[in-house]
Amino acid sequence: MSFKVLLILSMLASTCLCYEYTGRFFSYENHTCIRDCTQSSRPMVCEYDFTLEDYTTLSRYCYNCRKNNQTDCYREGCVTADGTARTVMVINRMLPGPSIQVCQGDTIVVNLHNKLRSERVTSIHWHGIKQKGSADMDGVGLITQYPIGPHSSFTYKFKANDPGTHVSFFSSLDFLFD
């Protein structure tokens, strides 16, 4: 019987390698909720702070990564994505974003801060997670929740009831806020 729940945060239509920047963000590699999950595991509240922002791949943090210096590709702050310099959405300067590893029955709390440039709104769709009693946390913008406005935050809170590995998606759209 499986009791582990793993959420992988991804951006729509992105395939990538992940090299994380942890200077002012958390990667959550050593989060207290990452533990062996057993039938006797006591439920925990697992809180995460995610900053969603536009970020340029192969930026100055990558130094000579584009010139085949592989060591530079692993530098702190270097996001290589697919090897093409462009602007992408990242979570805590990671692509894909940090994983959420919890046990079945834990409460997940995600404080999402929208730092995208321009007037884009966003949300997280927790793909494959049945939102029993928390349908307003499903994150489908303009369907189950209001999108998270520019330079504002939203807190998602729900129980991890479905064991397994789930991939969640961020979406963003240009929206005029009056």
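Right above here is the structure, for reference.
This one's a predicted model, so the numbers in the text were calculated from it and none came from an experiment. (Residues numbered from 1 in each chain as written. Predicted model: local features only at pLDDT ≥ 70, side-chain atom pairs only at ≥ 80, totals over all residues. Heavy atoms only, no water.)

Caption draft 1: Structural view of the packing of aromatic side chains. According to the stated counting rule, one finds five aromatic pairs in the structure shown. Note on Tyr-48 and Phe-50: the rings are 6.0 Å apart at their centroids and 45° apart in plane angle, and the pair reads as tilted. For Phe-50, a relative accessible area of 0% translates into the label buried. Arranged with centres 6.5 Å apart and planes meeting at 20°, the rings of Tyr-55 and Tyr-61 form a pair that is stacked. The exposure class of Tyr-55 is buried, given its relative accessible area of 6%. Look at Tyr-61 and you get partly exposed, because its relative accessible area is 24%. Three or more aromatic residues joined by ring pairs form one cluster here, namely Trp-126, Phe-154, Tyr-156 and Phe-158. (Phe/Tyr/Trp six-rings, centres within 6.5 Å; stacked < 30°, edge-to-face > 60°. Buried < 20%, exposed > 50% of the residue type's maximum accessible area, 1.4 Å probe, protein only.)

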